[in-house]
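# Summary of structural features
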Amino acid sequence: MKEILEEYALIAQIISALAVIISLIFVGLQIRSNTKATQASTFHEIAALDIHILLSLGASKEASRIISTFRMNPDALTEEERNHGFHLFAAEIRHVENLFLQNENKMLSKKNWESRKSLVDGMVLTSGFGALLESPNKQFFDGTFIHYAESLRKEHLKKDDDFENKN
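Residues numbered from 1 in each chain as written. Predicted model: local features only at pLDDT ≥ 70, side-chain atom pairs only at ≥ 80, totals over all residues. Heavy atoms only, no water.

## Quick look at a nonpolar patch on the surface
This is how the line gets drawn: Patch rule: a residue counts if its relative accessible area is over 30% and it has no salt bridge; like charges are joined within 9 Å, and nonpolar side chains (Val, Leu, Ile, Met, Phe, Trp, Tyr) within 5 Å. Areas reported here follow the Shrake-Rupley algorithm with a probe of radius 1.4 Å; residue values treat only the protein chains shown as occluding. The rule for a salt bridge is simple: a side-chain nitrogen of Lys or Arg has to be within 4 Å of a carboxyl oxygen of Asp or Glu. For the purposes of this entry, the term helix denotes a DSSP run of H or I that reaches at least four residues, the term strand denotes a run of E that reaches at least two, and both are numbered from the N terminus.
A surface patch of nonpolar side chains, about 690 Å² in accessible area, is lined by Leu10, Ile14, Leu18, Ile21, Ile22, Ile25 and Leu29. Within the secondary structure layout, Ile25 lies in helix 1 (residues 2–57).

## Considering the pattern of salt bridges
For clarity, the threshold we go by: Partly exposed describes any residue whose relative accessible area lies between the buried limit of under 20% and the exposed limit of over 50%, with all areas from a 1.4 Å probe on protein chains only and scaled to the type maximum.
Taken as a whole, this structure holds 6 salt bridges when the rule is applied. Of the charged contacts, one joins Arg65 and Glu62 as a salt bridge, the two residues approaching to 2.7 Å between their closest N and O atoms. Of this pair, Arg65 and Glu62 both sit in helix 2 (residues 61–72), 3 residues apart, roughly one helical turn. With its nearest N and O atoms 2.3 Å apart, the salt bridge here joins Glu81 to Arg65. Taken as a pair, Glu81 in helix 3 (residues 79–104) and Arg65 in helix 2 lie far apart in primary sequence, 16 residues in all. The class of Glu81 is buried, set by a relative accessible area of 18%. Taken together, the shared-partner salt bridges in this structure form one network comprising Glu62, Arg65 and Glu81.

## Section: the confidence of the model for the chain
The criterion, for reference: Scored from 0 to 100, pLDDT reflects the predictor's confidence in each residue.
Of all residues in the chain, 93% attain a pLDDT of 70 or more, and the chain-wide mean is 86. Here helix 1 stands out as the element of the chain with the lowest mean pLDDT, 81, in contrast to helix 5 (residues 127–134), whose mean of 94 is the highest.

## Quick word on helix 3
Each α-helix turn comprises 3.6 residues. Residues three or four places apart therefore point the same way. To keep things clear, this is the line we draw: Multiplying 1.5 Å by the residue count of a helix minus one yields the expected span of that helix.
A rise of 1.5 Å per residue sets the reference length of helix 3, with its 26 residues, at 38 Å; its end C-alpha atoms lie 36 Å apart and thus fit the reference within 8%. Phi turns positive, to about 60 degrees, at Lys106, one or two residues after helix 3.

## Comments concerning the packing of aromatic side chains
Note the following rule: Under the pairing criterion, centres of Phe, Tyr and Trp rings, with the six-membered ring standing for Trp, must be within 6.5 Å; the plane angle then separates stacked pairs below 30 degrees from edge-to-face pairs above 60, leaving the rest tilted. Any Lys NZ or Arg CZ found within 6 Å of a ring centre and within 35 degrees of that ring's normal is scored as a charge over the ring.
Going through the model one piece at a time under the given rule, you end up with 5 aromatic pairs. Here the aromatic rings of Phe100 and Phe145 are separated by 5.6 Å at their centres, their planes lie at 55 degrees, and the arrangement is tilted. Pair noted here: Phe100 is in helix 3 and Phe145 is in helix 6 (residues 143–166), with a separation of 45 residues, a long-range link. Accessibility expressed as a relative area gives 3% for Phe100, which makes it buried. Here a set of aromatic residues connected by ring pairs shows up, and it is made of Phe100, Phe129, Phe145 and Tyr148. Over the aromatic face of Phe141 sits the side chain of Arg94, whose NZ or CZ is 4.4 Å from the ring centroid.

## Observations regarding the packing of helix 3 against helix 5
The cut-off we apply is this: Fitted lines through C-alpha atoms serve as axes, helices being fitted only where they are in contact, and the angles separating the N-to-C directions of these axes extend from 0 to 180 degrees. Oblique is the label for every angle not falling under 35 degrees (roughly parallel), over 145 degrees (roughly antiparallel), or within 65 to 115 degrees (roughly perpendicular). In what follows, residue pairs with any heavy atoms lying within 4.5 Å of each other are defined as contacts. Asp, Glu, Lys and Arg are counted as charged, while Ala, Val, Leu, Ile, Met, Phe, Trp, Tyr, Cys and Pro are counted as nonpolar; the rest, among them Gly, fall into the polar class.
Relative orientation of the contacting elements helix 3 and helix 5 amounts to 95 degrees, with a least axis distance of 11 Å. It follows from the interaxial angle that helix 3 and helix 5 lie roughly perpendicular. Seen from helix 3, the contacting residues are Phe86, Phe89 and Ile93; seen from helix 5, they are Gly128, Phe129 and Leu132. Of the residues assigned to the contact of helix 3 with helix 5, the class counts are 5 nonpolar, 1 polar and no charged.

## Quick word on the side chain of Thr126
What counts is decided by this rule: Here a polar contact is recorded for every N or O atom pair within 3.5 Å, except that within protein the pair must consist of a potential hydrogen donor and a potential acceptor, and residues adjacent in sequence are included only if both atoms are side-chain atoms.
Checked against the element boundaries, Thr126 lands in the loop between helix 4 (110–124) and helix 5. Only 2.8 Å separates the side chain of Thr126 from the backbone oxygen of Met123, close enough to count as a polar contact. Setting aside anything within four residues of it in sequence, one finds Thr126 in contact with Arg71, Phe89 and Arg153.

Next up, the structure:
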């Protein structure tokens, strides 16, 4: 009788161990599912913010003209327009800085980052961003982002110089 009870105890331990393994697998699947849902929600919020920024910058012809000109050639604006353009542009840069930092902190999936990286890099390479780097307001942006931007701009200028030297 004792042997039968020991066998039942052994079977119960095996079943118990299997139950623990199955529940850990289930928890892992739930975590993966929740991570995907969180990433999808984050990406949706980013897209909504992109749309909001674009709509607000295009709210008037004058604001659209100023921000577009500031991005490409801030020196073509009057001092008052340049000041206005700088603040509009700084809002856009704050947005791309946020995207950069979310990627740095592994909050964006690789796919989501790849779909936004060209926006970040494109903004960083504009003349308007060059004006931001030369202003004292540069200090109000994250140092990691500024370092990334300065490195990218140097790399881009070097490629341009190399291309011109070949031709």
